[in-house]
Amino acid sequence: MAGESGKIDPMYQFKIEPLFGSDHWEIAGHNVMFTNSSLFMVLVLGALWVFMAGGMKREMVPGRWQMAVEGVTGFINNMLTANVGPEGKKYVPLVFSLFMFILMANFMGMMPFGIVPGVHPFTITSHLTVTAVLALFSFGTVLVVGFWRHGLHFFSLFVPQGTPLALMWLIPVIELFSFLIRPFSLALRLFVAMTAGHILMKVLAGFVINGLNAEAAWVPLIVSFPAFILMIGITLLELLVCAIQAYVFALLTSLYINDAVNLH
């Protein structure tokens, strides 16, 4: 979005703004706003619902849609079976939901909605508050499962087998710190990847637009064209990052579940 003096502000795309006059909505004296972030969360949930509804027809000869849903479900099921074991099937709905929500949220923020005047895409996973909630949900599940299955024996997770007595005062502290840092690493990894990629694309778009608007005839050829080619490459890379980050989040969640289920 253009800022002052015709410059393009790469951070404008992350600005949260109220929609439909919701800045005046109040409930019990508290302002309740329906923002562009809220809108895209609803759109992501709607897209996920359509994806699941269209692929759960249970036809004897599955169509492409049903095969897509079954393929993703099988992918998550295989991941949990490999990392957790047979008991991993219980957690397929959880990991599948996290994976699909993050994947669709990432891709939704890459859609070219900007071709419609006044419409701008919003990537909800580029906000730390969203990624933090997803990470805390994953981390909280691990805690619940761990204490439900093992009780206080769950604390033995912080004392690896074979730990020397001389290091018993140090290793549990390191393991506990490593365990507590998990939700932060989950949240920051997704947040940083989405934010950095979108900023880079916007900066390159600024080079393209400002180069085309320059008075000198040589500027578009020297600045805009190379920036446009690079922007195409970065956009394709960002699409790949969108899928990779969803996969990494699901994979790490499955590994954390394994720690809680298969406690040694």
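A brief report on the enclosed structure follows. (Residues numbered from 1 in each chain as written. Predicted model: local features only at pLDDT ≥ 70, side-chain atom pairs only at ≥ 80, totals over all residues. Heavy atoms only, no water.)

Quick look at the side chain of Ser126
Here is step 1: As for its position among the elements, Ser126 is in the loop between α3 (92-108) and α4 (128-150).
Here is step 2: You can call Ser126 buried: its relative accessible area is 4%.
Here is step 3: Of note is the side chain of Ser126, whose polar atom sits 2.5 Å from the backbone oxygen of Thr123.
Here is step 4: For Ser126, the contacting residues outside a window of four places in its chain are Phe14, Phe191, Met194 and Thr195. (Helix = DSSP H or I, 4+ residues; strand = E, 2+ residues; numbered from the N terminus. Buried < 20%, exposed > 50% of the residue type's maximum accessible area, 1.4 Å probe, protein only. Polar contact = N/O pair within 3.5 Å; in protein donor to acceptor, adjacent residues only side chain to side chain. Contact = heavy atoms within 4.5 Å.)

Structural notes on the packing of aromatic side chains
Here is step 1: Tallied over the entire structure, the rule returns 11 aromatic pairs.
Here is step 2: Between Phe139 and Phe179 the ring centres are 5.1 Å apart and the planes differ by 50°, which places this aromatic pair in the tilted class. Within this pair, whereas Phe139 is found in helix α4, its partner Phe179 is found in helix α5 (residues 171-180), the two being separated by 40 residues in sequence. Across the pair, Phe179 and Phe139 agree in class, each one buried.
Here is step 3: Taken together, Phe139, Phe147, Phe154, Phe155, Phe158 and Phe179 form an aromatic cluster joined through their ring pairs. (Phe/Tyr/Trp six-rings, centres within 6.5 Å; stacked < 30°, edge-to-face > 60°.)

A look at empty space enclosed by the protein
Here is step 1: This model, assessed by the stated rule, comprises 1 cavity of 30 Å³ or more.
Here is step 2: Its volume calculated, the largest cavity comes out at about 40 Å³.
Here is step 3: Forming the walls of the largest cavity are Leu186, Arg189, Leu190, Gln245, Val248 and Phe249.
Here is step 4: In the lining of the largest cavity, the residues fall into 4 nonpolar, 1 polar and 1 charged. (1 Å grid on protein atoms, 1.4 Å probe; cavity = no way out; pocket = protein on both sides within 12 Å on 5 of 7 lines; lining within 4 Å. Points joined across faces, edges and corners; volume = space filled by probe spheres on them. Nonpolar A, V, L, I, M, F, W, Y, C, P; charged D, E, K, R; others polar.)

Description of helix α1 (residues 36-54)
The periodicity of an α-helix, 3.6 residues per turn, causes residues three or four positions apart to be oriented the same way.
Here is step 1: Here α1 spans 27 Å end to end across 19 residues, near enough to the 27 Å set by a 1.5 Å rise per residue.
Here is step 2: Looking only at α1, the buried set comprises Asn36, Ser37, Phe40, Val44, Leu48, Phe51, Met52 and Gly54.
Here is step 3: In this structure, the buried residues of α1 make contact with α2 (64-83) and α3. (Expected span 1.5 Å × (residues − 1).)

Side note on the layout of surface pockets
Here is step 1: Its volume calculated, the largest pocket comes out at about 1,100 Å³.
Here is step 2: Lining the largest pocket are 34 residues, and of these Gln13, Gly114, His120, Pro121 and Lys202 lie nearest its centre.
Here is step 3: Counting only elements with at least two residues in the lining of the largest pocket, the list comes to α1, α6 (182-212) and α7 (219-261).
Here is step 4: Among the elements that make up the lining of the largest pocket, the one with the highest residue count is α6 (5 residues).
Here is step 5: For the lining of the largest pocket, the per-class residue count stands at 21 nonpolar, 10 polar and 3 charged.
Here is step 6: In this structure, the second largest pocket spans a volume of roughly 210 Å³.
Here is step 7: Breaking the lining of the second largest pocket down by element, the ones donating at least two residues are α2 and α3.
Here is step 8: The dominant element in the lining of the second largest pocket, judged by the number of residues it contributes, is α2, at 4 residues.

Section: the packing of α4 against α6
Here is step 1: Look at α4 against α6: their axes get within 8 Å of each other, and the N-to-C directions meet at 145°. The two elements α4 and α6 meet at a crossing, and its hand is right-handed. Here α4 contributes Leu128, Thr131, Ala132, Ala135, Leu136, Ser138 and Phe139 to the contact with α6, which in turn contributes Arg182, Pro183, Leu186, Ala187, Leu188, Leu190 and Phe191.
Here is step 2: Per-class residue counts for the contact of α4 with α6 are 11 nonpolar, 2 polar and 1 charged. (Axes fitted to C-alpha atoms, helices over the stretch in contact; angles between N-to-C directions. Left-handed = near helix turned anticlockwise from the far one by under 90°.)

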